[in-house]
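Overview (structure and organization)
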Amino acid sequence: WAAVAVAAAAALALVSARGARASLDVDAVDLPMDTPVNHAFKNTGTSYVQLDAGLSERLGTRGFTIEAWVYNEQPTSAANQPIVAHAEQGAASLFHVDFVLQVNRDNGVVSFVMGGGADRYGFNLQGRALVFNEWTHVAVTVAAPHAGDPTSARLYMNGELVASADAWLSGVGTRQISAEPITIGYAEVGGAAQHWRGQLDEVRFWATVRSQAMIARDHRDPFLFSDPTDIPEHLVGYYSFDAGPDDTVWDNSDQPWYDGTPLGGPQERVPADGLVDIPLSPLYAPFAGPEAFGLHFTGFHDEQNFVRLPDSLSRDVPRAFTFEAWVYLDAPTVNDQHYKTIVARHNQRAADIHPGTFDSGSNPEADFVLQVDPRNGRVVFFMGGGRGECERTSLGYGVALFSAGEHNVNAYEWTHVAFSVYSSTAGDPFSAALYVNGARVPQAAELPGEAWRP
């Protein structure tokens, strides 16, 4: 099997969500230039995010950097308000937390604490009072040897050094290491649950000590809108709150990903302007780079006008997966009535046994094919059933999905198309779904439907 991306329309903007992408020199085309909106996590009072425990294991006892944009809405809180915390659940006091970056109760001062046990701090950095109802960038760095207690710490606000320590204040081996997950916007200390009140954004974890110059340089750089190959080294956890399902906070750093889980009550993503310098992007999806380039195809049937993606991508595509792309269909004539293929994976040897069927969009030997009928703009998605007889039930397919009406592609307009395949780790897929401009395309009663047909 080989993965082959083919576009017989005028242009195609491919989006790879957490995956491989082909590196190509292509002509610039006019993509839909919707300006992305930066979003932040808003805590409604009891909500927070629990990160994958693998992140704390990854950071270990080495040096690290944590940074975030913060917006506090309740300056008179009677409890400390954690921004990021790592501690045993129900830690007796701040002396027994691994670390907490927080805003102090009553006075609103940004502080960073590392417990040293036995009524002693390892570090106790006190910055300056946070300006409430206003966005502020905060960052903390901790230097530590490969093993052993930390040696120094620095606290920054808007890139300015506001507090520092050059010695661990407690005894040897007193860092309060915890196997608990790191949390954003929450800590339980001294029997009391403490919550952030307001918004948080661009929370980043680095497995290195960043310099003040690096922090000042990058704090407005939205790495989320960069090509994945450009994600900086040592960025091991990155939470932008701009993408992902409602029940997951995606880690937008490089693999492995330490996604977060929203807990504790309602939360929402809200627009947050002015924090990061967001470039114009061709898509709302954040994985597109800022260049606004696409792939341009002639669409002539007698030309080998396609892009072959690496075989490794085909092998790495799981049994359950999603594909999406922006497409723009030129339709100056309907003389060429061949289906226009967006993406396909097929067995050429099997297709050769039934010549002509793949060309016309009716190849049951294809693993999957996403196409557009240029005569009417209908989007079709097929998964081959391997029977090779188009007259049989479901045209010989395992899945056959069709758009109609408002879900069809209009010529000379950018349209977002996608399909998802639902499957277990073995056996045939359960079902598939087709989407146009974010809406799931309903299937008419007389059509085969979304379920796999054995």
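I will try to describe carefully the structure that is included in this document.

Rules and cut-offs
- Residues numbered from 1 in each chain as written.
- Predicted model: local features only at pLDDT ≥ 70, side-chain atom pairs only at ≥ 80, totals over all residues.
- Heavy atoms only, no water.
- Core = buried A, V, L, I, M, F, W, Y, C linked by side-chain atoms within 4.5 Å.
- Buried < 20%, exposed > 50% of the residue type's maximum accessible area, 1.4 Å probe, protein only.
- Helix = DSSP H or I, 4+ residues; strand = E, 2+ residues; numbered from the N terminus.
- Contact = heavy atoms within 4.5 Å.
- Pairing = 2+ DSSP bridges.
- Salt bridge = Lys/Arg side-chain N within 4 Å of Asp/Glu carboxyl O.

Examining the nonpolar core
Grouped together as the largest cluster of nonpolar side chains are 40 residues, with contacts concentrated most on L55, I83, F112, F205 and Y239. Top element by residues in this core is strand β5 (residues 64-72). It accounts for 4 residues. Sequence-distant contacts of Y239, defined by excluding residues within four places in its chain, comprise L51, L55, I184, D201, E202, V203, F205, V249, W250, D251, Y258 and G260. Core analysis: the second largest hydrophobic core is formed by 23 residues, F321, V379, F381 and L434 among them.

Considering the sheet that holds strand β8 (residues 109-115)
Taken in spatial order, the 7 strands make up an open sheet running β9-β8-β7-β6-β13-β4-β18, and their pairing is antiparallel. Each end of this open sheet is capped by a strand with a single partner; those strands are β9 (121-129) and β18 (260-263). The pairing of strand β6 (residues 81-87) with strand β13 (residues 183-184) spans 2 bridges and is classified as antiparallel. Note that in β13 the partner of A85 across the bridge is T183.

With respect to the pattern of salt bridges
Counted by the stated rule, this structure contains 7 salt bridges. The salt bridge involving E160 is made with R128; its shortest N-O contact spans 3.1 Å. Of this pair, E160 sits in strand β12 (residues 160-165) while R128 sits in strand β9, and the two are 32 residues apart along the sequence. Overall, E160 belongs to the partly exposed group, its relative accessible area being 42%. Residue E202 is joined to R204 by a salt bridge in which the shortest nitrogen-to-oxygen separation is 2.6 Å.

With respect to the pairing of strand β28 (residues 431-436)
A large share of β28 lies buried, amounting to 5 of its 6 residues. Bridge count between strand β27 (residues 414-422) and β28: 6 bridges; the pairing is antiparallel. Considered in β28, the bridge of V417 is made with V436. Pairing between β28 and strand β29 (residues 439-440): 2 bridges, direction antiparallel. Considered in β29, the bridge of Y435 is made with R440. With antiparallel pairing between neighbouring strands as the criterion, β28 and β29 make up a hairpin whose turn holds 2 residues, including N437 at a positive phi of roughly 50°.

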